[in-house]
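# Coordinate inspection notes
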Amino acid sequence: MPIHKVAVVAVPGVQPFELGIAWEGFGIDRSDEGIPNYDCSLVSETEQVTTAAGWTIATPYRLDHAADADLVIVPAYHRPADGGAGTGGSQAVLGLLRDTVRRGAQVMSLCSGAFALGAAGLLDGRDCTTHWRYAAELAALHPLARVDPNVLFVCDGPVLTSAGTAAGLDLCLHLIRADHGEEKARRAARRMVMPPHRDGGQAQYVDVPIRSRPADTLAPLLEELLDLLAQEHTIESLATRCSMSPRTFARRFRDETGTTPHLWLTHQRVLLARRMLESGDEPVDTVADRCGFSTTAMLRHHFGRIVGTSPASYRRSFRTHDVPGVRAHA
């Protein structure tokens, strides 16, 4: 069912940029591009709302204006470190979100706005996402939710969630595409000066691709291995370096890093490949060789599995010195 009326809910501590993303998606007049306008309104529980930036905004409508909206959006908002007052507004806001889904309309979150949907009980039993930095916390608070930290956005029935910042625009374009077709979505994307589709997911933006505990006795070996990733390593060869039996070494490695030698090496090799792709001009097969992958196909396999996109696509996204429209100075 096409979306006509959109309500953007400003809760206390709303992040101004994400509030602007919601308005960019549905509040801009693009009729000159042949794109039908949405009836988009900013609503809040009180007349004035203090933003995360510390200044206040005045909103023209209260929550009852959203009672018949086809889409209710909760942008990101500041959440205190102790979790207090961080549910995304009062029970009135959470009730609005529940009522919206109950009557068959849609709710949508941008970044940390997913915590409000979770507090309303709307993520239970559903696939969802949020910014990768908050994914573990969201999953811990709502164990019945299926939180995917790698995707840019998720649509599970009437509940739509997106990852950090720009992913909100990806979701807006997805909804415009669903309402008005591919060509109008492309026109909207051109107005936003962004691609109509983005390859990959959040994983490509996470700086550390594997979480491991600080090593104790194996710390010198791990530091050494970072300079020897191009070489082949086995449990036996690594155990010999540490004067241990293979069985003892494997057990010690897992105890100190939380993973296996193979997985640790693979993730470190992918991390090195990312850095090479970001800053160098070497062909992908050279990158594979220098990172210790036996073939280019193995690099592509592990890179896609861990980062969520191909080496070539990653290079296009993250190198700036040869991207049209970007000027870099030494």
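Heads up: these notes are all about the structure in this document.

Definitions and limits used
Residues numbered from 1 in each chain as written. Predicted model: local features only at pLDDT ≥ 70, side-chain atom pairs only at ≥ 80, totals over all residues. Heavy atoms only, no water. Pairing = 2+ DSSP bridges. Helix = DSSP H or I, 4+ residues; strand = E, 2+ residues; numbered from the N terminus. Axes fitted to C-alpha atoms, helices over the stretch in contact; angles between N-to-C directions. Buried < 20%, exposed > 50% of the residue type's maximum accessible area, 1.4 Å probe, protein only. Polar contact = N/O pair within 3.5 Å; in protein donor to acceptor, adjacent residues only side chain to side chain. Contact = heavy atoms within 4.5 Å. Parallel < 35°, antiparallel > 145°, perpendicular 65-115°, else oblique. Left-handed = near helix turned anticlockwise from the far one by under 90°. Nonpolar A, V, L, I, M, F, W, Y, C, P; charged D, E, K, R; others polar. Phe/Tyr/Trp six-rings, centres within 6.5 Å; stacked < 30°, edge-to-face > 60°. Expected span 1.5 Å × (residues − 1). Arc of directions from axis to C-beta.

### Observations regarding the sheet that holds strand E2 (residues 39-43)
Reading across the sheet, the six strands line up as E2-E1-E5-E6-E10-E9 and stay open at both edges, with mixed pairing between neighbours. Every interior strand has two partners, whereas the edge strands, E2 and strand E9 (153-156), have only one. Strand-to-strand twist across the sheet, computed as the mean angle between neighbouring axes with direction ignored, equals 15°. In this sheet, E2 lies alongside strand E1 (residues 5-9) in parallel orientation, the contact comprising five bridges.

### What to know about the side chain of arginine 30
By secondary structure assignment, the location of arginine 30 is in the loop between helix H1 (16-26) and E2. On the basis of relative accessibility, which here comes to 3%, the residue arginine 30 falls in the buried class. Polar contacts involving the side chain of arginine 30 include one to the main-chain carbonyl oxygen of glycine 25, which spans 3.4 Å. In contact with arginine 30, not counting residues within four places along its chain, are Glu24, Gly25, Ile35, Asn37, Ile176, Ala188, Arg191 and Met192.

### Concerning the packing of H1 against helix H5 (residues 166-180)
Two numbers describe how H1 lies on H5: the axes approach to 9 Å, and their chain directions differ by 20°. Considering their axes alone, H1 and H5 lie roughly parallel with respect to each other. For the element pair H1 and H5, the recorded crossing hand is right-handed. Each of Ile21, Glu24, Gly25 and Phe26 in H1 lies in contact with H5, whose residues at this interface are Ala166, Gly168, Leu169, Cys172, Leu175 and Ile176. By residue class, the composition of the contact of H1 with H5 is seven nonpolar, two polar and one charged.

### As for the pairing of strand E5 (residues 71-74)
Burial along E5 is two-sided: the residues Leu71 and Ile73 and Val72 and Val74 are all buried. Two elements, E1 and E5, share three bridges in a ladder whose sense is parallel. Note on E5: the bridge partner recorded for alanine 7 is valine 72. Across four bridges, the pairing between E5 and strand E6 (residues 106-110) is parallel. Residue pairing across strands places isoleucine 73 opposite methionine 108, the latter belonging to E6.

### As for the packing of aromatic side chains
Applying the stated criterion to the full structure yields five aromatic pairs. Here the aromatic rings of phenylalanine 253 and tryptophan 264 are separated by 6.2 Å at their centres, their planes lie at 80°, and the arrangement is edge-to-face. In this pair, phenylalanine 253 sits in helix H9 (residues 246-257) while tryptophan 264 sits in helix H10 (residues 261-279), placing the two residues eleven residues apart along the sequence. Accessibility classification places phenylalanine 253 together with tryptophan 264 in one group, the buried group. Seen from their ring centres, phenylalanine 303 and tyrosine 314 are 5.4 Å apart, and the 75° between their planes marks the pair as edge-to-face. Here tyrosine 314 lies in helix H13 (residues 311-318) and phenylalanine 303 lies in helix H12 (residues 296-307), a separation of eleven residues in the sequence. The class for phenylalanine 303 is buried, based on a relative accessible area of 0%.

### Thoughts on H9
Taking 1.5 Å per residue, twelve residues should reach 16 Å; H9 reaches 16 Å between its end C-alpha atoms and fits that length. Residues of H9 that are buried include every one of Phe249, Phe253, Glu256 and Thr257, and no others. Seen end-on, H9 carries its buried residues on one side only, within an arc spanning 80°. Exposed side of H9, more than 90 degrees from the buried face: Arg247 and Asp255 are the residues found there. The inward-facing, buried residues of H9 abut helix H7 (219-225), helix H8 (235-241) and H10. Immediately beyond the C-terminal end of H9, within one or two residues, lies glycine 258, with a positive phi of roughly 80°.

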